[in-house]
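Here's the letter readout for the chains.
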Amino acid sequence: LRAVAARDWSVVESQFSPDLVAVDHRKVGFGVTNGRSAWLQIVRSQSEVMPDVMTVMRSFETVGDATITALRSEGTTPEGNAYDWFMYCVTTRDDRRRTQTLELFDPDDYAAARARAEELGRASIERSARPVENALTRMLVHGVSLPLNEMSDYLREHVVDDFVREDRRHGV
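Values in this document were obtained by computation on a predicted structure and should not be read as measured data.

Visitor: How should I be thinking about the side chain of R36 in this particular structure?
Guide: In this fold, R36 is placed in helix α3 (residues 36-49). Its relative accessible area of 18% is what places R36 among the buried residues. Excluding anything up to four places from it in sequence, R36 contacts E13, F16, S17, P18, L20 and R98.

If you want it as structure tokens, here you go:
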């Protein structure tokens, strides 16, 4: 958002994947935009129509690798017409942390934005839910599978003396 406000278009461009897909679900929107260049034309044109346009992030939440951002924009045309609007933006990123997909929703359509974020984020949640397989996990699985009277001795032999386990789950 800072790069857009500063009109630093090379930085703005670097934040988006070349094969970006933007879908505008708003009642009055842009439809589907394919490619970074096409999306940047929309962003630049907004700055031309409202030279003082400023967008502020009001809230941010993550669902797996997807994010839902509440955005509020304000701007004035050279003729003095003031505009103020709010929208939800659902995004995902590529492996270089550039925006890969971007979907816009009306202010009264949070439920649809949330559902879409859950749909896009589900794949990353499923990937991260796979157990890690390494020497440590094999040792721990073996240790906890022992009878209770042998488990403590086994873990004492294999865990350093100053090991600290912190459980940060709420309600535990």
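Visitor: Sorry, what's going on with the sheet that holds strand β1 (residues 16-24) here?
Guide: Whether parallel or antiparallel, the strands of a sheet pair through hydrogen bonds between backbone atoms. Strand order in the open sheet formed by six strands is β2-β1-β6-β5-β4-β3, and the pairing between neighbours is mixed. Each end of this open sheet is capped by a strand with a single partner; those strands are β2 (31-34) and β3 (54-63). Geometrically, the sheet is characterised by an average inter-axis angle of 20 degrees between neighbouring strands, direction not taken into account. Against the sheet, α3 engages β1, β2, β4 (66-76), β5 (82-93) and β6 (99-105), with an angle of about 65 degrees to β1.

Visitor: Before we go on, may I ask you to explain the pairing of β6 in this structure?
Guide: Taken residue by residue, a regular strand's side chains alternate between the two faces of the sheet. In terms of burial, β6 is largely enclosed, as seven of its seven residues are buried. Two strands pair when backbone bridges link them, and β1 and β6 are joined in this way by five bridges, in the parallel orientation. Note on β6: the bridge partner recorded for A22 is L102. Where β5 folds back onto β6 in an antiparallel hairpin, the turn is made up of five residues, including R97, whose phi is positive at roughly 70 degrees.

Visitor: Just to check I follow, could you spell out the side chain of S17 for this structure?
Guide: With respect to the helices and strands, S17 occurs in strand β1. A polar atom in the side chain of S17 sits 2.4 Å from the side chain of D19. Apart from the residues lying within four places of it in its own chain, the contact partners of S17 are R36, D94, R98, T99 and Q100.

Visitor: Before we go on, may I ask you to explain the nonpolar core in this structure?
Guide: Soluble globular proteins: nonpolar side chains tend toward being buried together. Counting 15 residues, the largest nonpolar core has V12, F16, L20, W39, C89, L102 and L104 as its most contacted members. Mapped by element, the contributors of at least two residues to this core are α2 (9-14), β1, α3, β5 and β6. At four residues, α3 tops the list of elements feeding residues into this core. Excluding residues that lie within four positions of it along the chain, F16 makes contacts with R36, W39, L40, R98, T99 and L102. Residues A70, Y88, A113 and A117 belong to the second largest nonpolar core, which totals nine residues.

Visitor: Even after reading the chapter, I still don't get the environment of L40, so can you show me in this structure?
Guide: If you trace the backbone, L40 turns up in helix α3. C-alpha separation for the pair L40 and E13, spaced 27 residues apart in sequence, amounts to 7.1 Å. If sequence neighbours within four positions are ignored, L40 has contacts with V12, E13 and F16.

Visitor: Can you walk me through the environment of Y83 in this structure?
Guide: Of note, Y83 is situated in strand β5. Distance in space between the C-alpha atoms of Y83 and S73 is 8.0 Å, their sequence separation being 10 residues. Apart from the residues lying within four places of it in its own chain, the contact partners of Y83 are M50, S73, E74, G75 and T77.

Visitor: How should I be thinking about the packing of aromatic side chains in this particular structure?
Guide: Centre-to-centre distance and the angle between the planes together describe a pair of aromatic rings. Under the defined criterion, the tally for this structure stands at two aromatic pairs. On the basis of an interplanar angle of 90 degrees and a centroid distance of 5.2 Å, the ring pair of F86 and Y88 is categorised as edge-to-face. Judged by its relative accessible area of 29%, F86 is partly exposed. Grouping aromatic residues by their ring pairs yields a cluster made of F86, Y88 and Y110.

Criteria and thresholds
- Residues numbered from 1 in each chain as written.
- Predicted model: local features only at pLDDT ≥ 70, side-chain atom pairs only at ≥ 80, totals over all residues.
- Heavy atoms only, no water.
- Helix = DSSP H or I, 4+ residues; strand = E, 2+ residues; numbered from the N terminus.
- Buried < 20%, exposed > 50% of the residue type's maximum accessible area, 1.4 Å probe, protein only.
- Contact = heavy atoms within 4.5 Å.
- Pairing = 2+ DSSP bridges.
- Axes fitted to C-alpha atoms, helices over the stretch in contact; angles between N-to-C directions.
- Polar contact = N/O pair within 3.5 Å; in protein donor to acceptor, adjacent residues only side chain to side chain.
- Core = buried A, V, L, I, M, F, W, Y, C linked by side-chain atoms within 4.5 Å.
- Phe/Tyr/Trp six-rings, centres within 6.5 Å; stacked < 30°, edge-to-face > 60°.

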